[in-house]
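# Commentary on secondary and tertiary structure
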Amino acid sequence: MLVRRSEWRIVGCMLAFGLVAVAAYAEGGGAKQDTARLLVACGLQEVSFERQNNELSITYAFSEQFSDKLALALVAVGSQDIVGGCDKVCVIAQRDDRRFLEFSTSPSGLMHFAERNAGSEAMAEANRLLQQAASAANAPQIGQPDESGYQTPQAGSAPLPTANEPPSLQPGFASELGQALVRVGLENVAVSLLDSGQVAVEYENRTYRSDTEALSTAAQIASQHCPVGTVLYLTAKRDDIPVISVITKARDSQQLPGPGTVPEGLRETRPTAPDSAVADSTGLLNESFGRFDLSFRPALIYEIGNWRRPVITDWFALPQLTTTIAPGWRMSLQGSLQADNPGAHLSHALLTKTGRLEGGRVLWTASMGRFDTRLRGVFGEAQLELGDGRAGVRLARVGRDDWDFDIPMWLGYYEHEFGDLGLTLRATGGQFADYIEPTGLVELNRRFGESTFRAGITVHSPVREGIVRVTVPFGPRRVDDPRPLRLRTSDYLALSYFTDRGTPGTEMLRGDHDLRAFRDELTGPYLTADSHRQAGQHRAMSGQTWNPGPSHEGISGLIRIPTADVIPDGSYRVGASFIDSEYTRGAYTGRSDMIPTFVNVGLLPGLELGFRLSIFPDVEPLRFPNWHYSTDRSVFAHYQLWPQHGNLPAVAIGAQDISFRDDAEVVGRAEYIVATQQLGDLRIHLGRGTKRLSGLFGGAEYRLSPTLAIIGEYDTDWFNYGLRAAPNRSWRVDLALTDSRAIGGAISYLGIFP
């Protein structure tokens, strides 16, 4: 057979290529054997490397006394020279004749996996041991002197076993971790070990009063079951629907924070956990479907009426029964037991469905049934995640007669979170359920640990409606473990104030079915901004050298004038005062003494908001046709522009008796600017205002001792003097002479929100 010269060239190239491949395979096989011998010299057992196609399988074993972290680090570092050219690396580890660890990754991902799960100390120790073994065998050193973790080979003994190692990722790991989460009271638990070595934990909290505490508990349990540094995806759910997922790392059990602390190192949040291949997983453990929670909440409705009925009070007990009947499906029933006029009725009955769309970025809910004693119909809401904010729409069609849905609602909103403050600002516009004209609403929602303060006003003209709501936790921080029926108290005490008709639409259609209640404190900016947030922990009072006291009107001040002081952020003040009838203002001047009762809140750094209810005990509404009330409501705001800096005094602006009604000016309305300068034990105040404080006003206070000061002022009408006692940082007691002759006084308590 004749062969052309060109064909001989092809055959020669093929033979040369085959010889090179055989030599490379032999060299590779030798490299594998050398690496296996080095790993055995470092303490591993039964090390082997097998390559099929482009997949390399690495198997090894070690005893129970050997550190599993060090074993993983040795394999990752020692295999770097032989994993090249592979598309996939499969690692199988055995300990005491049982499969301990199995995972697959890319060649580059092997080192990343080891760094995350073994830790930097184990990686450095593996480098040292391999260099030492290579030097002893006169083999080429692994790694280069300029590489991270390289150390000069040193003589030494074999590695000592590491004691008290955390449980590792072995078969049955997911089930073991899931059962541990169930034992601490979490429900709808699912645990997955991802092929990347990360651990995904999903759970639902109906046991802990605070969702932050439930998140902390889940992170602690996971840290106790995973090697330090393991990446954890913690997904909190409601009705088995993901609310949020946070990413953190497992920590050493000796360094775990106390209960209620947000896990440190939250570097990312997302609506749901990643969709990754799973190496080991559980089903849904401790399902909550069909379990019932029955809670009882006391309620008091206090309404300032007109001349026919000046004060209206009604006492209620509100039992509520809730259950999750399927993933995303919730049923809620609430009744009302009236005390003043004995009777009972069903106040709301709702069936609600919640879910997610668009890869989890859109959260939606829909409800139908009875929303309160009057309204029934349908409600829907959808919300889109936008980083530190959320955009949403709400639609509803309700009516006061059966299936006669003649009251529409359609509105959109955007809310932005300032996580470092725990503040949410929401702006809403559209057709509210109880307004004919389109209306706008602006709301501030501030969290103080487990407590919240919410204030909102409508922005249509004229401004007529507002709301103030304060919620504080009470009752046990944890209820009984899950059971078919749990009796529990309501988690929060809510105090609400409405002007005129109240905030449009949002209140009558607000409840556990809307997305604000669905999310609650589980929002990304709030959780990631401060990893030391505490749930149920008492916070210390601010260490100011001179904590402010209230004026008799309630705002930070002296007797009748405000000062540039402000109560600390996250604090509240409650108190009451007495003003003689000769010095009260309004249509009934000189007719009655005045007893202001007030509540102030340090809503933001430098911002003090307050509500005052003034009682006129001598007023009989029927005798004064121009004044139909024996009480007066007012809201005030006080903002410190800047604190004192050396010779630059502190300056504040504010407004008292902010008007939501046309006739609200009759009692104490004023706008002002005021400056305060402290000179040792002397403080001087000077300001200018309008209305009740029309003109210049000023005053001074001198501290006789840490607990007693004398105060004096000019309030644009009269000179007033008094004593202020401060037995501790919280209590203030004033005794004053108004116009140098009428006795008055005030008592207040300054506290920190729990």
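## Side note on the packing of helix 5 (residues 173-183) against helix 6 (residues 211-225)
Direction vectors running N to C along helix 5 and helix 6 enclose 145 degrees, while the axes themselves pass 10 Å from each other. Read as a crossing pair, helix 5 and helix 6 show a hand that is right-handed. Residues F173, E176, L177, A180 and L181 of helix 5 pack against A218, I221, A222 and H225 of helix 6. Counted by class, the contact of helix 5 with helix 6 contains 7 nonpolar, 1 polar and 1 charged residues.

## Some details on the sheet that holds strand 1 (residues 45-52)
Taking strand neighbours across the sheet as the criterion, the 4 strands line up as 1-2-3-4 in an open arrangement whose pairing is mixed. The open sheet has two edge strands, strand 1 and strand 4 (98-105), and neither has a second partner. The sheet shows a mean angle of 10 degrees between the axes of neighbouring strands, taken without regard to direction. With 8 bridges joining them, strand 2 (residues 55-62) and strand 3 (residues 88-95) adopt parallel strand pairing. Bridge pairing in strand 3 places E55 opposite K88. In this fold helix 2 (residues 68-78) packs onto strand 2 and strand 4, with an angle of close to 145 degrees to the strand it touches most, strand 2.

## Quick notes on the pairing of strand 14 (residues 343-357)
Relative to strand 14, strand 13 (residues 329-338) runs antiparallel, the two being bridged by 10 bridges. Bridging from a neighbouring strand, S332 pairs with L350 of strand 14. Here 9 bridges tie strand 14 to strand 15 (residues 362-370), and the two strands are oriented antiparallel to one another. Residue pairing for strand 15: T354 is matched across the bridge by T365.

## Here's the deal with the pattern of salt bridges
This structure, assessed with the given rule, holds 32 salt bridges. R291 serves as the salt-bridge partner of E187, at 3.2 Å between the closest nitrogen and oxygen. Residue E187 is located in strand 5 (residues 187-194), and its partner R291 is located in the loop between strand 10 (278-281) and strand 11 (292-304); the two are separated by 104 residues in the primary sequence. For R573, the salt bridge goes to E608, with nearest N and O atoms at 3.5 Å.

## With respect to the packing of aromatic side chains
Going through the model one piece at a time under the given rule, you end up with 8 aromatic pairs. In this structure an aromatic cluster arises from ring pairing among F448, Y572, W731, Y749 and F753. Directly above the ring of Y413 sits R426, whose terminal nitrogen or CZ lies 3.9 Å from the centroid. Between the NZ or CZ atom of R447 and the centre of the ring of Y526, over which it lies, the distance is 4.6 Å.

## Description of the confidence of the model for the protein
Summing up the model confidence of the protein, the mean pLDDT is 79 and the portion of residues at 70 or higher is 79%. In this model residues 13-28 is a low-confidence stretch, pLDDT under 50, and it forms 0 contacts with partners more than four residues away in sequence or in other chains. Scored below 50 in pLDDT, residues 139-167 makes 49 contacts in the model with residues more than four places away or belonging to other chains.

## Considering the sheet that holds strand 27 (residues 607-615)
One closed barrel accounts for 12 strands, arranged 25-26-27-28-29-30-31-32-33-34-35-36; its pairing is antiparallel. Each strand of the sheet is rotated relative to its neighbour by a mean of 20 degrees, with strand direction disregarded. Sheet topology note: the strand 28 (residues 631-642)/strand 29 (residues 650-658) ladder contains 6 bridges and is antiparallel. Considered in strand 29, the bridge of W642 is made with V651.

## Remarks on a nonpolar patch on the surface
Judged by side-chain polarity, I325, W329, M331, L333, L346, L351, M368 and V378 come together as a nonpolar surface patch covering roughly 610 Å² of accessible area. For the nonpolar patch, the secondary-structure elements that each account for two or more residues are strand 13 and strand 14. For the nonpolar patch, the element with the highest residue contribution is strand 13, accounting for 3 residues. Residue classification places M368 among the partly exposed residues on the basis of a relative accessible area of 42%.

Conventions and cut-offs
- Residues numbered from 1 in each chain as written.
- Predicted model: local features only at pLDDT ≥ 70, side-chain atom pairs only at ≥ 80, totals over all residues.
- Heavy atoms only, no water.
- Axes fitted to C-alpha atoms, helices over the stretch in contact; angles between N-to-C directions.
- Helix = DSSP H or I, 4+ residues; strand = E, 2+ residues; numbered from the N terminus.
- Left-handed = near helix turned anticlockwise from the far one by under 90°.
- Contact = heavy atoms within 4.5 Å.
- Nonpolar A, V, L, I, M, F, W, Y, C, P; charged D, E, K, R; others polar.
- Pairing = 2+ DSSP bridges.
- Salt bridge = Lys/Arg side-chain N within 4 Å of Asp/Glu carboxyl O.
- Phe/Tyr/Trp six-rings, centres within 6.5 Å; stacked < 30°, edge-to-face > 60°.
- Lys NZ or Arg CZ within 6 Å of the ring centre and 35° of its normal.
- pLDDT = per-residue confidence, 0-100.
- Patch = residues over 30% accessible without salt bridge, like charges linked within 9 Å, V, L, I, M, F, W, Y side chains within 5 Å.
- Areas by Shrake-Rupley, 256 points an atom, 1.4 Å probe, with all protein chains shown as cover.
- Buried < 20%, exposed > 50% of the residue type's maximum accessible area, 1.4 Å probe, protein only.

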